[in-house]
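Read off the chains here:
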Amino acid sequence: MNAPLPTLAAADVAQRRAEVVAALGTVLPAHALLWRNEDTVPYECDGLSAYREQPLLVVLPETESQVAAVLRCCHELKVPVVARGAGTGLSGGALPHRLGVTLSLARFNRIVQLDRLARTATVQCGVRNLAISEAAAPLGLYYAPDPSSQIACSIGGNVAENSGGVHCLKYGLTLHNVLKVRGFTVEGEAVEFGSEALDAAGLDLLALVVGSEGMLAVITEVVVRLIPKPLTARCIMASFDDIGKAGDAVAQVIASGIIPAGLEMMDKPMTAAVEGFVNAGYDLSAEAILLCESDGTPEEVDEEIRRMLDVLTGCGATRLEVSRDEAQRLKFWSGRKNAFPASGRISPDYMCMDSTIPRKRLADMLRAIRRMEVEYGLRCANVFHAGDGNLHPLILFDANDPDQLRRCERFGADILETSVAMGGTITGEHGVGVEKLSSMCVQFSPEEREQMFAVKRAFDLGELLNPGKVIPLLQRCAEYGRMHVRRGLLPFAELPRF
Amino acid sequence: MHEPALQSLVDRVQEARAGHGSLNIVGGDSKRFYGGERSGESLDMRALSGISSYEPSELVVTARAGTRLAELEAALAECHQHLPFEPPRFGPGGTVGGMVAAGLSGPSRAAAGGVRDHVLGATLLSGKGEVLRFGGQVMKNVAGYDVSRVLAGSMGVLGAICDVSLKVLPLPAATATLRFEMEQAAALQQLNEWAGRPLPINASAWWSGMLVLRLCGAAAAVRAACTALGGERIDEPLAGGFWNGLRDHGDEFFVTARAAFDAGATLWRLALPQTAAPLPLAGEQLIEWGGAQRWLCSSAPAARVRDATAAAGGHATAFMGHERGGGVFAPLKSPLDRIHRELKRAFDPDGVFNNGRLYPGLCP
């Protein structure tokens, strides 16, 4: 993906496949090895279906010693290894390598231990994010990071991407909620990063491994921190007749000393799109809607909701509604959580951006996007994790019109460039993968990118783990990345996305 | 060319590289007692000073490495915000760069997270003399490897931190301190039980039969927790002094420990799982972080302290009062030792920076 692979004749690929199948056949049972065309096709993409590549073969090990053996074998044969969790990623991080092995960790789906007193869960990497909280619920505990694909995405994938969710501002990202990971180096040597204490000896390698998109090690087991479930949660839905006022209100809530459990913004085109989809009761006349959530003890929540209502009123909210009960709170969120599929209903295609900007620039960014809509002749609907400045503008277009596709790509590039210029970043939570390789060139200098390559080589000298992802080569640095969804057909369309 | 203060640091690195010399990064020199042997010429970071940007509503502050920690904390306090991890201040001159490089956090660590959890971005002067920026000034950022967070606790071995962006938080609306009489094993059990309930416990300390708790949060939540927990309420000025004493090591426990150094004692910092049972080691212990950080003042042989801590799932650091030659941080096993050496080589191929401050033999 990064650099073009040398052209190889089909016969050469077949020969290489036979060689690797023979070698791995000595360390894996036959049913754990997929190499026939019809068996490997399902692995050709992850949640970002615009990029597809068929792997040389797929392995589905069932034990850690099999993972170690696969890695040793591939290292010896110099075969690239692409680790894969649930395959729900949105940046092509699990895109296969044509001459590489896709290492599926789907069978590592066991919750090893829940420790009530220590408030930890030891889980295999293929355990689904939501399954951890479900298992911990009887203990009054849960796992805080909640990417919206949490019913399907795996904890191993969350570690690889440093996944977020809507509660990050108060409860942190994956990194802040993981104590230790266990796995293997590219050579197949067992390794642990972090510890069940709050720190480990030496450099904080856990911080480096979390978010490394499968390029530094293969993770098989994760120890996560569980926290007590808040006794209650309530949500305010606030309408604004001006996006500038809504942006200011976000800053004012934070400036007043409140850290809301969730703080989300939707603009008018987005509320119109989702209201037709879920009937959440959104104010369709508002230029922007904010969802502000508070959680904690009932007394604490009452106090915080009251303070937030004061701030929002002072910022010129035109309508305020506080959820009466859990059913209504979930209804407020239902529209927000269905923003992506709803966009797929109103446009043949859409491209989702994932940049982050300083909060104070939210209104500037929305105004800039309005100007870009005119400039590029395309519509854009916006959902923001306003509390942490993470934007998901969805550019609506029809890919069957080559001119629209071209304009859409320029529109997306313009948003990312504007985000970096505003002091932000090209990706807040979806990862770089293959999708945003080009955008990395905007954010990092050649020396910084070379330093990242050097970090990779410190773990993986031969660059065999998920090669070609995350860090662009010099010759790549010419264009900008995008997420391109064909015909509104987001893979796993049934999953909420945000 | 960079601005003059930074350029002169870059020039020093290039000179050191060319002359096979080495540099020892220094800020306020308030933590000179901490870490492994120092060698090389001093590289004073204090010329890089000042808060570059701070907007309270962003919850982000960016400060240059040589900025005094006291200056940063005063600027935050003016806007009713703070560094939630309460970095220790071992002297008035401590700097922001030193705070990050040492990676030490104070009493609130278990509840609020540590230094590395609050680092959002940093500029690093690498051993190649390159000025590199990683991370950023925003809460969510997954563009590339998170190099900036690795700098927290790196003891300067990867390079000199030039500036750092940190997440800050509002000061808590209400605070209360409670005291209970309790033996060590009971206190550890109780702390872990409480931590599993939605209580606003922000810090804890146990020493010599006495458990002290700090609650922080919304006034209603703190009030409700005081009622639920019982114990003896300690008045604010006294309580504030106690927590600062713990944070900055001015507390009686640490004063007594330092007095015991001449008699051969070492102050150990034991990082343990919060639920680890009391360790069978001779010497006084003060327990923080709900059981995850235990200070031990002991004359026991280093190997015995390290083995007992490792057996309980943790690691021991010879924090103060020891012979540095024996190694300060818990030794690493393969493959972590190899990865450390390779990372050192990746950032500082000629071994310019802080050789020996983390592990002897890290340098190529």
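None of the values given here were measured: they were computed from a predicted structure.

Asks: Just give me the short version of the overall build of chain B, but keep the residues and values in it.
Replies: A count of helices and strands for chain B gives 12 helices and 17 strands. A compact globule built from 364 residues should have a C-alpha radius of gyration of about 21 Å, and chain B, at 21 Å, falls within 12% of that. When its C-alpha atoms are laid out on the principal axes, chain B stretches across 65 × 50 × 35 Å. Expressed as a percentage of its 364 residues, the buried residues of chain B come to 55%. In chain B, the proportion of contacts linking residues at least 24 apart, taken out of those at least 6 apart, comes to 68%.

Asks: Account for the interface of chain B and chain A, naming residues and giving values.
Replies: With 69 residues of chain B at the contact, the number on the chain A side is 77 residues. Of all elements in the fold, only α4 (109-112), α5 (115-118), β7 (131-135), α6 (147-150), β9 (169-170), α7 (184-195), α8 (219-229) and α12 (336-347) of chain B reach the threshold of two or more residues within the side of chain B that touches chain A. If one sorts the elements of the side of chain B that touches chain A by residue count, α12(B) sits on top with six residues. Counted by class, the side of chain B that touches chain A contains 37 nonpolar, 20 polar and 12 charged residues.

Asks: Describe the packing of helix α13 (residues 362-376) of chain A against helix α14 (residues 402-421) of chain A, listing the residues and the values that go with them.
Replies: How two helices sit against one another is set out by the angle between their axes and by the gap between those axes. All names here are of chain A. As a packed pair, α13 and α14 sit with axes 10 Å apart at the nearest point and diverge in direction by 155°. The angle between the axes of α13 and α14 places the two elements in the roughly antiparallel class. For the element pair α13 and α14, the recorded crossing hand is right-handed. Here Met-365, Ala-368, Ile-369, Met-372 and Tyr-376 of α13 come into contact with α14, specifically with Arg-407, Arg-410, Phe-411, Asp-414, Ile-415 and Thr-418. Among the residues making up the contact of α13 with α14, the classes are represented as seven nonpolar, one polar and three charged.

Asks: An account of the pairing of strand β6 (residues 119-126) of chain B is needed here, citing residue identities and associated values.
Replies: Residue and element names in this part refer to chain B. The element β6 is largely enclosed, with a buried count of eight among its eight residues. Strand direction decides the pairing type here: β6 and β7, joined by five bridges, are antiparallel. Bridge assignment links Ala-122 to a residue of β7, and that residue is Phe-134. Remark: four residues form the turn of the hairpin made by β6 and β7, two consecutive strands paired antiparallel; Gly-129 in that turn has positive phi of roughly 80°.

Reading the values: the criteria
- Residues numbered from 1 in each chain as written.
- Chains lettered and ligands numbered in written order.
- Predicted model: local features only at pLDDT ≥ 70, side-chain atom pairs only at ≥ 80, totals over all residues.
- Helix = DSSP H or I, 4+ residues; strand = E, 2+ residues; numbered from the N terminus.
- Rg over C-alpha atoms; globule rule 2.2 N^0.38 Å.
- Buried ≥ 20, exposed ≤ 12 C-beta atoms within 10 Å, placed from the backbone.
- Contact = placed C-beta atoms within 7 Å.
- Nonpolar A, V, L, I, M, F, W, Y, C, P; charged D, E, K, R; others polar.
- Axes fitted to C-alpha atoms, helices over the stretch in contact; angles between N-to-C directions.
- Parallel < 35°, antiparallel > 145°, perpendicular 65-115°, else oblique.
- Left-handed = near helix turned anticlockwise from the far one by under 90°.
- Pairing = 2+ DSSP bridges.

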